[in-house]
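# Working through the structure, step by step
One letter stands for each residue in the lines below.
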Amino acid sequence: MNSLPSNAVMYNALLKKDGSFEGIFFVGVKTTGIFCRPTCRARKPKQKNVEFYSSTGAALRAGYRPCKLCKPVGFKGEFPEWLRSLMEKVNNSPDLSFKDSDLRLLGTDPNRVRRWFKKNHGMTFQAYLRLLRIGRAFGRIKFGEDVTSTAFDSGYGSLSSFTDSFKKIIGHSPSKSSGKELIHITRILTPLGPMLAGATKAGVCLLEFIDRRMLETQLQTLKRRLNGEFFPGNSIHFEKLNKEINEYFAGKRKSFSVPLKLVGSEFQRKVWSELIKIPCGTTRSYKEIAKLIGDERSVRAVANANGTNRIAIIIPCHRVIGSDGHLTGYGGGLWRKRYLLDMEQVNRDY
């Protein structure tokens, strides 16, 4: 559980609409049954009528509805307005370096950029740029370009500095990269929080909520089974993935067509393929899935395969429930599972 500031500090921040507390706490208003961001423009309630929560999930679990004015379940982690022009420059020229002096010339505070990246990506802006450059270099070497030209084209002043940086990030020299799979990663923003997406050339192999406890284990498993490396960057599949996920949450999509790369055992892939067939707005039990794959005794194995699904929502493991109708475990949290099922039920007849 996240540690919150004192109630007095949070209530004072609420009164002042202090934007520095965005993402740190959410406030539930007992008299209305709604919860808000610290910066909500609505009339401020009395202190005795509020409760504070560290996440939208906690507020939802407590029975509060999201405020229609400040939209607290909006896209956390989206680039703020003041950062968008810089990120457009980065995306258009990922091999460029941006020193603090360059940021100041662009009218952007380097410390503000650094704080935002640490909070939302767990790394500094400079570390993010290094990953982008090394990721592009990895891809070029993998597809046959020589190391020397790649190093200088990537903005490095010498081959040795490129090799040292490459080894530090990847763990081996550039010359050993030709046989490895390049897995691009990006953030997909949803009303339930940001998700981490990963894709190879063949298709999407990862879509998980960033706060899932087993995410690091899933990344290491994918890395090992694909003999690959993860890098931030664009994939030919991300535009379609983002479009379809947005349509899904808007109630305009019930199934997905983005290509998938299923990484698992034959049994796991069999279970996942069956999950995809579950119609939106309906559920199945583990026992029913076991029968559908032709092995009624494999209920426990089906549950394990369901739990190791790495492509949430698209492979709808949230639609699998207990035989008694109760919700069972979900990697993204039971509150998200309930939200998704309720949303799909509402939208099933559109």
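We now turn to the structure provided with this report. (Residues numbered from 1 in each chain as written. Predicted model: local features only at pLDDT ≥ 70, side-chain atom pairs only at ≥ 80, totals over all residues. Heavy atoms only, no water.)

Of regular secondary structure, the protein chain possesses 14 helices and 10 strands. Here the protein chain holds 350 residues, and the buried ones make up 49% of them. When contacts within the protein chain are restricted to residue pairs at least 6 apart in sequence, those whose partners lie at least 24 apart make up 60%. For the protein chain, the accessible area works out to roughly 18,100 Å², and carbon and sulfur atoms hold 50% of it. (Helix = DSSP H or I, 4+ residues; strand = E, 2+ residues; numbered from the N terminus. Buried < 20%, exposed > 50% of the residue type's maximum accessible area, 1.4 Å probe, protein only. Contact = heavy atoms within 4.5 Å. Areas by Shrake-Rupley, 256 points an atom, 1.4 Å probe, with all protein chains shown as cover.)

What follows is about the packing of helix α11 (residues 266–276) against helix α13 (residues 299–307). Taken N-terminus to C-terminus, the directions of α11 and α13 make an angle of 75 degrees; their axes are 9 Å apart at the nearest point. Compared by their axis directions, α11 and α13 come out roughly perpendicular. Residue-level contacts link F267, Q268, V271, W272 and L275 of α11 to A301, V302, A305 and N306 of α13. (Axes fitted to C-alpha atoms, helices over the stretch in contact; angles between N-to-C directions. Parallel < 35°, antiparallel > 145°, perpendicular 65-115°, else oblique.)

Across the sheet, which stays open at both edges, the four strands sit in the order β7-β6-β5-β8 with mixed pairing between neighbours. What marks the edges here is a single partner per strand, and that holds for β7 (204–209) and β8 (228–232). Between one strand axis and the next, the sheet turns through 25 degrees on average, direction left out of account. Here strand β5 (residues 181–188) pairs with β8 via five bridges, running parallel. Bridge pairing links I183 to F230 in β8. (Pairing = 2+ DSSP bridges.)

With that out of the way, let us pick up helix α3 (residues 81–92). Residues lying three or four places apart along an α-helix face the same way, a consequence of the helix completing one turn every 3.6 residues. With 12 residues, α3 should reach 16 Å at 1.5 Å per residue; the first-to-last C-alpha distance of 18 Å fits that figure. Taken as a whole, α3 has its buried residues at L83, L86, M87 and V90. The buried residues of α3 occupy one face: seen down the axis, they fall within an arc of 100 degrees. Seen from the open side of α3, the exposed residues pointing more than 90 degrees away from its buried face are E81, E88 and N92. (Expected span 1.5 Å × (residues − 1). Arc of directions from axis to C-beta.)

If you look at soluble globular proteins, the nonpolar side chains tend to sit buried side by side. Formed by 36 residues in total, the largest nonpolar core has its most connected members in L207, L241, I245, L275 and I313. Elements that contribute at least two residues to this core include exactly β6 (195–199), β7, α10 (238–249), α11, α12 (286–292), α13 and α14 (334–347). Ranked by residues supplied to this core, first place goes to α10 with five residues. Look past the residues within four positions of L275 in its chain and what remains in contact with it is I289, N306, I315, P316, C317 and V320. (Core = buried A, V, L, I, M, F, W, Y, C linked by side-chain atoms within 4.5 Å.)

Taken as a whole and assessed by the stated rule, the structure comprises 10 salt bridges. Ionic pairing is found between E274 and K277, a salt bridge with its closest N-O pair at 3.7 Å. The buried category is assigned to E274, whose relative accessible area is 13%. A residue is classified by how much of its surface remains accessible, and K277, at 57% relative accessible area, is exposed. The salt bridge involving R319 is made with E344; its shortest N-O contact spans 3.0 Å. Taken together, the residues span a long stretch of sequence, with R319 in the loop between α13 and β10 (320–321) and E344 in helix α14 at a distance of 25 residues. (Salt bridge = Lys/Arg side-chain N within 4 Å of Asp/Glu carboxyl O.)

None of this, on its own, says anything about what the molecule does.
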